[in-house]
Amino acid sequence: MSELTITLLRLGYLVLLWAFVLSAIGVLRRDLYGTRIVNRRRPGSRKPVAASAPAAASERSAPIPRRDVGPRRLVVTAGPLRGTTLPLGSSAILIGRAASCTLVLDDDYSSSRHARVFPQDGEWLVEDLGSTNGTFLGRDKVEQPTVVRPGTPIRVGQSTLELQR
Amino acid sequence: MATVLTHRERNGRTLELGLLAIALAIGVGAYALVGLATADTLPVDIVGYSLGLVGLSLGLHLIMRWRAPYADPVIVPVVIALNGIGLAMIYRIDMAYVDRGRDSAFAERQLGWTALGIILAAVVLVLLRDHRTLRRYTYTAMVAGLVLLMLPLVPGLGAEINGARIWIRVAGNSFQPAELGKICLAIFFAGYLVTTRDTLALAGPKVLGLQLPRPRDLGPIILAWAVSLGVLVFERDLGTSLLFFGLFVGMLYLATERISWVVIGMVLFVGGAVLAAQVFSHVAARFEGWLNAFDDDVFNASPGGSGQLVRGLFGMANGGLFGTGWGQGRPDLVPFAESDFIIASIGEELGLTGLLAVLVCYLVLAERGMRTAIGVRDGFGKLFAGGMAFVVAFQCFVVVGGVTRLIPLTGLTMPFLAYGGSSLLANWIIVALLLRISDSARRPAAPAGGPVSPEPEVPGDEAEPGDTQGFSTGQGGGSDHQTEVIGVGELRR
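Residues numbered from 1 in each chain as written. Chains lettered and ligands numbered in written order. Predicted model: local features only at pLDDT ≥ 70, side-chain atom pairs only at ≥ 80, totals over all residues. Heavy atoms only, no water.

Engineer: Would you mind showing me how to read the overall build of chain A here?
Structural biologist: A tally of helices and strands in chain A yields two helices and twelve strands. Listing the helices and strands of chain A from first to last along the sequence gives α-β-α-β-β-β-β-β-β-β-β-β-β-β. The buried share of chain A, taken over its 165 residues, is 43%. A separation of at least 24 residues holds for 38% of the contacts in chain A among residues at least 6 apart in sequence. By element, 55% of the accessible surface of chain A is carried by carbon and sulfur atoms, the whole surface being about 8,700 Å². (Helix = DSSP H or I, 4+ residues; strand = E, 2+ residues; numbered from the N terminus. Buried < 20%, exposed > 50% of the residue type's maximum accessible area, 1.4 Å probe, protein only. Contact = heavy atoms within 4.5 Å. Areas by Shrake-Rupley, 256 points an atom, 1.4 Å probe, with all protein chains shown as cover.)

Engineer: Looking at this structure, how should I read a nonpolar patch on the surface?
Structural biologist: The grouping of Leu11(A), Leu321(B), Phe322(B), Leu352(B) and Leu356(B) at the surface amounts to a nonpolar patch, some 430 Å² of accessible area in total. Tracing the chain through its elements places Leu11(A) in helix H1 (residues 3-33). (Patch = residues over 30% accessible without salt bridge, like charges linked within 9 Å, V, L, I, M, F, W, Y side chains within 5 Å. Salt bridge = Lys/Arg side-chain N within 4 Å of Asp/Glu carboxyl O.)

Engineer: Quick question: what am I supposed to make of the pairing of strand S2 (residues 73-78) of chain A here?
Structural biologist: Every regular strand shows the same layout, with side chains that alternate between the two sheet faces. All names here are of chain A. Counting buried positions along S2 yields five of six residues, so the element is predominantly enclosed. Bridge count between S2 and strand S12 (residues 159-164): five bridges; the pairing is antiparallel. Each bridged residue has a counterpart across the sheet, and for Leu74 the counterpart in S12 is Leu163. Sheet topology places S2 next to strand S3 (residues 85-87); three bridges connect them, and they run antiparallel. By the bridge assignment, Leu74 is partnered in S3 with Leu86. (Pairing = 2+ DSSP bridges.)

Engineer: Any chance you could explain the nonpolar core here in plain terms?
Structural biologist: One recurring pattern in soluble globular proteins: nonpolar side chains tend to sit buried together. Judged by nonpolar contacts, the single largest core of 157 residues is most densely connected at Trp326(B), Phe384(B), Met414(B) and Trp428(B). Considering every element that reaches this core, the biggest residue donor is helix H3 (residues 75-99) of chain B, with 15 residues. If we ignore the near neighbours within four places in the chain, the residues touching Trp326(B) are Tyr13(A), Ala30(B), Leu33(B), Val34(B), Ala37(B), Ile85(B), Ala88(B), Met89(B), Glu349(B) and Leu350(B). If you look at the next biggest cluster of nonpolar residues, it comprises 19 residues, including Ile95(A), Val117(A), Trp124(A) and Val142(A). (Core = buried A, V, L, I, M, F, W, Y, C linked by side-chain atoms within 4.5 Å.)

Engineer: So what exactly am I meant to see when it comes to the pattern of salt bridges here?
Structural biologist: Two side chains of opposite charge can pair, provided their charged atoms sit close to one another. Residues and elements named next belong to chain B. A full pass over the atoms with the stated rule returns eleven salt bridges over all chains. Across the salt bridge formed by Asp130 and Arg132, the nearest N and O atoms sit 3.1 Å from each other. The closest approach of N and O atoms between Asp439 and Arg443, which form a salt bridge, is 2.8 Å. Each of the salt bridges in this network shares a partner with another, and the network as a whole consists of Asp72, Glu367 and Arg368.

Engineer: Whenever I open this one, the sheet that holds strand S6 (residues 115-120) of chain A confuses me. Can you help?
Structural biologist: In any sheet, the strands associate via hydrogen bonds between backbone groups, in a parallel or an antiparallel arrangement. All names here are of chain A. Taking strand neighbours across the sheet as the criterion, the five strands line up as S5-S4-S6-S7-S10 in an open arrangement whose pairing is mixed. Looking at strand neighbours, the two that pair on one side only are strand S5 (103-104) and strand S10 (146-147), the edges of this open sheet. Sheet topology places strand S4 (residues 93-96) next to S5; two bridges connect them, and they run parallel. Paired with Gly96 across the bridge in S5 is Val104.

Engineer: Just to check I follow, could you spell out the sheet that holds strand S8 (residues 135-137) of chain A for this structure?
Structural biologist: What the six strands build is an open sheet, ordered S3-S2-S12-S11-S8-S9 (chain A); its pairing is antiparallel. Each edge of the open sheet is held by one strand with a lone partner, namely S3 and strand S9 (140-141) of chain A.

Engineer: What should I look at first to understand the environment of Thr41(B) in this one?
Structural biologist: Here Thr41(B) is to be found in the loop between helix H1 (13-39) and helix H2 (46-67). Ignoring any residue separated from it by four or fewer positions in sequence, one finds Thr41(B) in contact with Gly35(B) and Leu36(B).

Engineer: Sorry if this is basic, but what is going on with the UniProt feature "domain: FHA" (unreviewed entry) in chain A here?
Structural biologist: Here the UniProt feature "domain: FHA" (unreviewed entry) sits at residues 93-142 of chain A. Structurally, residues 93-142 of chain A is divided into 0% helix and 46% strand, and its ends, taken at the C-alpha atoms, are 16 Å apart. (UniProt positions renumbered as here; feature names shortened; annotations may be inferred.)

Engineer: Sorry, what's going on with the packing of helix H6 (residues 177-200) of chain B against helix H15 (residues 421-442) of chain B here?
Structural biologist: Describing two packed helices takes the angle between their axes plus the distance from one axis to the other. Residue and element names in this part refer to chain B. At a closest axis distance of 7 Å, the pairing of H6 and H15 adopts a crossing angle of 20°. Here H15 runs roughly parallel to H6, going by the angle between their axes. Contacts between H6 and H15 involve Glu179, Leu180, Lys182 and Ile183 from the former and Ser422, Ser423, Ala426, Asn427, Ile429, Ile430 and Leu433 from the latter. For the contact of H6 with H15, the per-class residue count stands at six nonpolar, three polar and two charged. (Axes fitted to C-alpha atoms, helices over the stretch in contact; angles between N-to-C directions. Parallel < 35°, antiparallel > 145°, perpendicular 65-115°, else oblique. Nonpolar A, V, L, I, M, F, W, Y, C, P; charged D, E, K, R; others polar.)

Engineer: Hey, could you run me through H6(B) in this one?
Structural biologist: Residues separated by three or four positions in an α-helix point in the same direction, a consequence of the helix having 3.6 residues per turn. Residues and elements named next belong to chain B. The terminal C-alpha atoms of H6, which comprises 24 residues, lie only 30 Å apart, well short of the 34 Å expected from a rise of 1.5 Å per residue. Largest kink in H6: about 50°, centred on Val194. For H6, the buried fraction is high: 18 of the 24 residues fall into the buried class. (Expected span 1.5 Å × (residues − 1). Bend = angle between axes of the 7 residues up to and from the residue.)

Engineer: Sorry, what's going on with the side chain of Arg67(B) here?
Structural biologist: All names here are of chain B. Counting through the fold element by element, Arg67 comes out in helix H2. The side chain of Arg67 sits in the buried core without any salt bridge; Asp439 is the nearest counter-charge, 9.5 Å away. In this structure Arg67 touches Leu125, Val126, Arg129, Arg436 and Asp439, once residues within four positions along its chain are discounted. (Lys, Arg positive; Asp, Glu negative; His and termini not counted.)

Engineer: Looking at this structure, how should I read the packing of H6(B) against helix H8 (residues 238-256) of chain B?
Structural biologist: Residues and elements named next belong to chain B. Their axes nearest at 9 Å, the elements H6 and H8 cross at an angle of 30°. In terms of orientation, H6 and H8 fall into the roughly parallel class. Helix-helix and strand crossings are classified by hand; for H6 and H8 the assignment is right-handed. Every residue of H8 that contacts H6 at Ala178, Lys182, Leu185, Ala186, Phe189, Ala190, Leu193, Arg197 and Leu200 is listed here: Thr240, Leu243, Phe244, Leu247, Phe248, Met251, Leu252, Ala255 and Thr256. Split into classes, the residues belonging to the contact of H6 with H8 amount to 14 nonpolar, two polar and two charged. (Left-handed = near helix turned anticlockwise from the far one by under 90°.)

Engineer: What is the right way to read a negative patch on the surface from this model?
Structural biologist: Taken together, the side chains of Asp106(A), Asp108(A), Asp198(B) and Glu257(B) define an acidic patch exposed on the protein surface. Note on Asp198(B): relative accessible area 55%, which makes it exposed. (Charge placed at Lys NZ, Arg CZ, Asp CG, Glu CD.)

Engineer: In this structure, what is going on with the pairing of S4(A)? I would like to understand it.
Structural biologist: All names here are of chain A. The alternating pattern of S4 places Ile93 and Ile95 and Leu94 and Gly96 on opposite faces, both of which are buried. The pairing of S4 with S6 spans three bridges and is classified as antiparallel. Looking at S6, one finds that Ile93 is bridged to Val117.

Engineer: Any chance you could explain unusual backbone geometry here in plain terms?
Structural biologist: In terms of backbone geometry, most residues other than glycine have negative phi values and most peptide bonds are trans. Residues and elements named next belong to chain B. Of note in this structure, Asp40 is not a glycine but carries a positive phi near 65°. Despite not being glycine, Glu257 shows a phi value in the positive range, around 60°. Looking at where Glu257 falls in the secondary structure, it is placed in the loop between H8 and helix H9 (259-279).

Engineer: I'm lost on the side chain of Glu179(B) in this one. Help?
Structural biologist: All names here are of chain B. Inspection of the secondary structure assignment puts Glu179 in helix H6. On the basis of relative accessible area, Glu179 is assigned to the buried category, the value being 3%. One polar contact links Glu179 to Gln395, side chain to side chain, over a distance of 3.4 Å. In contact with Glu179, other than residues within four places in its own chain, are Gln395, Thr413, Ser422, Ser423, Ala426 and Asn427. (Polar contact = N/O pair within 3.5 Å; in protein donor to acceptor, adjacent residues only side chain to side chain.)

What follows is the structure, given as structure tokens:
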């Protein structure tokens, strides 16, 4: 074989090697750029919490009047777990630091069994389980089981949660 | 208020097939080039060799389509490419040994081990349906791991090769049990740390701005340190000792997120190693060969000299930026060029360019393992995947660091590249376990929840675009799903 062929084969192999590495990384690009963060509501359209449910409904692109169905999920809207959603089933949701909780918070400001969100007569209620720092519904401290309206923020330690349809 | 959305997950099996084709071209191409360079013709068994490699890879690919359809698409091609490069390099060194009149058939045996490794990986994928079942064997794995680690010390079974007592001889084959031991120990550490992480993360005294753990929680790390020092002293192998302790400290950091554990671990290990170097001559020789490698006396010292290390460095220097080309260098001048020093051989024949490509392959492999750990939802799986990805990356660091004289030379082998059956089998099992965990990490979440509202659904409502996104106002689009939907049942163990 000529010197040229050998050199071409030698460099060609290195090119093949890097072509493989780069195409593998190309597949991984989706990890870096595959996620996007979207605002669920347009900025500036936030209404006072009490009015947020009908306001959101009227904002829809298709203004079909909706019947008032119960909330379907519990969403963490602020705090380390922001973006986490839990589907609401027929059972209660336990929130706290303990591993046995449904929603496990890694938060020094929450108690191990902090609060409970549970259904009763077609409505969802929040109850504080004797936590150290308390649970707040809107601005009020939760002293006894209280009905939660969708969109009202529930504050547990550093996290804020709300029920959504 | 914002939420993180990902694009609709494709399972990536077709992508994997494409990458696999390039990976196989790399392996077979290297084999052909070695033949062209050393004998001026293609190797006689090139057809059988290619068919075997292609058949095994396709077999594994089909098993994954069947049993782990959502597993990561990059892991298998990267590993096949590394294994193929390793096989070609071992074959090339065989050729060089034969030229020098030495009988050598490492490549054939390594091909056999590769076949066995791929089959073993397929078996693990078929038999292990859920990685969480491994958690039940936490303490069994501890006993098994420790026994495997100590096995070479058993008289009559253990064998001392080149000063290190990390081998056992069974039916004429030598085997490094610590390679399998690291998987068992990763299972144990994951199972143990997932239950004790909260205690170990508790804050103790603060020294120089560093939040130290409580003194009473130091027990486990001291125990792991003592065991690793025992390995260093009795088995005379810095690599195994470092690997074991590094795995523990790495997983401790993964579990607790406290940097102080890493600092404590490094201080303990460096202290122990320096102490061992003062007391034991074989450890001291390793340090001497590292620090004064170019000294004449050290270079020529018969056992434990730095001749191998320095010859490897010369080989890599000979390779330069683009290498000498497959079959054109003299990697056989370095002792153990096919196992401990295969990195130097690759550096010589493929140059810095090729060596960096190989190292990036390892980087991609470790990254996929870590990404799997982030994606999987249970704590045990997170720690286990993270630990295995860490151990592969750490082993690469220890080997390449030793060969390039960054740290003292150890007796570890490069995963997938170096000659050695036990290492190859163990690392293929690691690949299978990572694939299994990544399958459950990337599997799209089952449609969450059942019917929630007490009232029946209005059928016309569901047809509205964006409705499944709750309150999304048309920006989100209905096609994406949330990154993290935690099913209520899933978190109740």
